[in-house]
Amino acid sequence: MKVPTRDTKPNQLIVFDILRDSECAECLHELRKGDFLFLENGHPLCLSCADLDHLVYLPSGDAALTRRARKHSAIAAVVVRFSRSRGHYERQGVLIEEAALEEAEKECVADAEKRRTRREQDKLRCAEQDRDFTALMSEAILKLFPGCPSGEARAIAAHTAARGSGRVGRTSAGRALEAEALTAAVIAAIRHKYTDYDRLLMEGYSRMDARHIIRDAVDRVVQRWRCPDRGSA
């Protein structure tokens, strides 16, 4: 049985890190919560009966080690666990041959310094790209809102363009510096900093009700920032 997950590919062997007790359909061995279980035609099997007990478990976390171990292993199985909060299976690690893991560990030790240097270089390059992008976004915001204090524009750009944040500045529209996306970022900043929006949320107001209450306050700041005269908010 193949269970769809966001982290597995078709035809991969899948082993389940179970959340409740079960029993092997062949040897009747009791499987406890946290044990590994393999499904064959809908029947639960322990790793021994599934002929997978010769494999060792490698938890997720080290992408290079996992990639290399899987390359050296003639057989591998993805370990997944069901997340009740998210409602889907999530990858926990892999089962691979012990010799493959040992070979992968040797390779990782051999080039650890090289990979560390590459990560640092990538980090510096990303930071430089982010600074350049933030500066461009700040300039674009000031063109749309010439009355916005320059420091405020930089702060809004840095916040909305933060890498990995999922905010509007990282969307395709935001990266293209489209006016609608930048306006949404500015309004969001005004909403949190210059109105009672956050307080209203803490008092139990719904998001839409809170936005309705503070709409006039937001509009006043927006109109002031759209003026050529750069007054303070």
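The model shown is predicted, which means the values in this text are computed figures rather than measured ones.

**Student:** Just give me the short version of the pairing of strand β1 (residues 13-17), but keep the residues and values in it.
**Tutor:** Within β1, 4 of the 5 residues are buried, which leaves it mostly tucked inside the rest of the structure. Bridge count between β1 and strand β4 (residues 36-40): 3 bridges; the pairing is antiparallel. When the bridges of β4 are listed, V15 appears paired with F38.

**Student:** An account of helix α4 (residues 150-160) is requested, with residue identities and associated values reported.
**Tutor:** Restricting attention to buried positions, one finds in α4 the residues E152, A153, I156, A157 and T160. Down the axis, α4 shows its buried residues gathered within 135° of arc, on one side only. Residues of α4 that are buried in the fold lie against α3 (112-144), α6 (179-193) and α9 (215-226).

**Student:** I'd like to hear about the pattern of salt bridges, residue by residue, with values.
**Tutor:** For the structure on display, the rule yields 15 salt bridges. With a closest N to O distance of 3.3 Å, R32 and D21 form a salt bridge. One end of the pair, R32, is in the loop between β3 (30-31) and β4; the other, D21, is in the loop between β1 and β2 (22-23), with 11 residues separating them in the sequence. You can call R32 partly exposed: its relative accessible area is 45%. In this structure, R68 engages D111 in a salt bridge whose closest nitrogen and oxygen atoms are separated by 2.5 Å.

**Student:** How would you summarise the pairing of strand β7 (residues 76-83) if you had to cite specific residues and measurements?
**Tutor:** For a regular strand, side-chain orientation follows a simple rule: the groups alternate between the two sheet faces. Of all 8 residues making up β7, 6 are buried, and the element is well covered by its neighbours. Where β7 lies against strand β8 (residues 88-97), 8 bridges are found, and the strand directions are antiparallel. What sits directly across from A76, in β8, is I96. The antiparallel hairpin formed by β7 and β8 contains 4 residues in its connecting segment, where G87 sits at a positive phi of about 75°.

**Student:** Help me get a handle on a negative patch on the surface, residues and values and all.
**Tutor:** Taken together, the side chains of E26, E40, D51 and D53 make up a negatively charged region of the molecular surface. Note that E26 resides in the loop between β2 and β3. Looking at E26, the relative accessible area reads 52%, which means it is exposed.

**Student:** So what's going on with the nonpolar core? Residues and values would help.
**Tutor:** In terms of nonpolar packing, the biggest core is built from 23 residues, with M137, I141, F145, V186, I190 and W225 touching the most fellow members. Breaking this core down by element, the ones donating at least two residues are α3, α4, α6, α7 (197-202) and α9. For this core, the leading source of residues is α3, giving 5 residues. Formed by 21 residues, the second largest nonpolar core is a distinct cluster that contains I14, L31, L45 and A77.

**Student:** Break down unusual backbone geometry for me, with residues and values.
**Tutor:** In terms of backbone geometry, most residues other than glycine have negative phi values and most peptide bonds are trans. Positive phi outside glycine occurs at L28, with the angle close to 65°. Within the secondary structure layout, L28 lies in the loop between β2 and β3. The backbone of D51 shows a phi angle near 60°, a positive value even though the residue is not glycine. Mapped onto the elements of the fold, D51 is located in the loop between β5 (43-45) and β6 (55-59). You can call D51 exposed: its relative accessible area is 57%.

About the thresholds
Residues numbered from 1 in each chain as written. Predicted model: local features only at pLDDT ≥ 70, side-chain atom pairs only at ≥ 80, totals over all residues. Heavy atoms only, no water. Buried < 20%, exposed > 50% of the residue type's maximum accessible area, 1.4 Å probe, protein only. Helix = DSSP H or I, 4+ residues; strand = E, 2+ residues; numbered from the N terminus. Pairing = 2+ DSSP bridges. Arc of directions from axis to C-beta. Contact = heavy atoms within 4.5 Å. Salt bridge = Lys/Arg side-chain N within 4 Å of Asp/Glu carboxyl O. Patch = residues over 30% accessible without salt bridge, like charges linked within 9 Å, V, L, I, M, F, W, Y side chains within 5 Å. Areas by Shrake-Rupley, 256 points an atom, 1.4 Å probe, with all protein chains shown as cover. Lys, Arg positive; Asp, Glu negative; His and termini not counted. Charge placed at Lys NZ, Arg CZ, Asp CG, Glu CD. Core = buried A, V, L, I, M, F, W, Y, C linked by side-chain atoms within 4.5 Å.

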